[in-house]
Amino acid sequence: MNAKVADLLAAQVNKEFYSAYLYLGISKYFSQNDLPGFASWYRAQAAEEQEHALKIYDYLLDNDQDVPLTAIEEASPKFKTILDAVKEADKHEHYITEEINKIYDAAVSEKDYRTQLFLNWFITEQVEEERNSRDMITKVQMLGDKPKNLYLLDKDLSARK
Ligand SMILES: [Fe+2]
């Protein structure tokens, strides 16, 4: 595998683990603000990000590449409002989309066909991730300012496994 593509993929393993950390930070904010449904939704999201990291990790090992397990940046997000917290997740997903696209660009210019195929899954996944984070902003904007509605939304979010 091309060294540049391998380096970008290895860096993405770290970024996906950081995503898990960030989502755990968001989940913690909701736990500490008595919204267990939101907390469990973001905790499930954190678990999904770890799976993303391991998917890339496995792909690198399958291709006989090393994966340096570099330090994961601290995530201690602070939010003033619920809307701030869900917007942070949305911002982060757009950043991740850009990073995936950069790896794809490198795979195209290096004629790395297998990595292009591998990244298809992530490109599709980002459509769903952006959609979910955008929907969450809409829900909070529509329902978040009335305690009763917020309570019902929180209950609704607790349904995610
Ligand atoms: Fe991810």
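Residues numbered from 1 in each chain as written. Predicted model: local features only at pLDDT ≥ 70, side-chain atom pairs only at ≥ 80, totals over all residues. Heavy atoms only, no water.

Q: Can you help me understand helix α5 (residues 147–157) in this one?
A: One turn of an α-helix holds 3.6 residues; hence residues three or four places apart share an orientation. Leu-150, Leu-153, Asp-154 and Leu-157 are the residues of α5 that are buried. Along the long axis of α5, the arc covered by the buried residues comes to 100 degrees, so they all point the same way. In this structure, α5 carries Lys-148 and Lys-155 as exposed residues pointing more than 90 degrees from its buried face. Buried residues along α5 sit in contact with α2 (36–62), α3 (82–109) and α4 (113–143). (Buried < 20%, exposed > 50% of the residue type's maximum accessible area, 1.4 Å probe, protein only. Helix = DSSP H or I, 4+ residues; strand = E, 2+ residues; numbered from the N terminus. Arc of directions from axis to C-beta. Contact = heavy atoms within 4.5 Å.)

Q: Can you walk me through the packing of α2 against α4 in this structure?
A: Geometry of a packed helix pair, given as the angle between the helix axes and the separation of the axes. At a minimum axis separation of 12 Å, α2 and α4 run at an interaxial angle of 170 degrees. Between α2 and α4, the angle is such that the two are roughly antiparallel. For the pair α2 and α4, contact is made by Phe-38, Trp-41, Tyr-42, Gln-45, Glu-48, Glu-49, His-52, Lys-55, Ile-56 and Tyr-59 and by Arg-114, Thr-115, Phe-118, Trp-121, Phe-122, Glu-125, Glu-129, Asn-132, Met-136 and Val-140, respectively. Across the contact of α2 with α4, the residue classes tally to 10 nonpolar, 4 polar and 6 charged. (Axes fitted to C-alpha atoms, helices over the stretch in contact; angles between N-to-C directions. Parallel < 35°, antiparallel > 145°, perpendicular 65-115°, else oblique. Nonpolar A, V, L, I, M, F, W, Y, C, P; charged D, E, K, R; others polar.)

Q: Quick question: what am I supposed to make of the coordination of the iron ion here?
A: Think of it this way: four donors in a tetrahedron around the metal ideally sit 109.5 degrees apart, and six in an octahedron ideally sit 90 or 180 degrees apart. Binding of the iron ion to the protein goes through Glu-16 (OE), Glu-49 (OE) and His-52 (ND1), at separations of 2.1 to 2.2 Å. Each donor residue of the iron ion belongs to the same chain, with the gaps between them written as E-x32-E-x2-H. Remark: Glu-49 occurs in helix α2 and Glu-16 occurs in helix α1 (residues 3–32); sequence separation between them is 33 residues. Like Glu-49, Glu-16 is buried. (Donors = N, O, S within 2.8 Å, 3.2 Å for Na, K, Ca; no water.)

Q: Explain the pattern of salt bridges here, please?
A: Once their charged atoms are close, side chains differing in charge can pair, the charge on each being opposite to the other. Using the criterion set out here, one finds 3 salt bridges in the structure. Of the charged contacts, one joins Lys-102 and Glu-99 as a salt bridge, the two residues approaching to 2.9 Å between their closest N and O atoms. In this pair, Lys-102 and Glu-99 are both assigned in helix α3, 3 residues apart and thus about one turn of the helix distant. Within this structure, Lys-15, Glu-99 and Lys-102 form a network of salt bridges that share partners. (Salt bridge = Lys/Arg side-chain N within 4 Å of Asp/Glu carboxyl O.)

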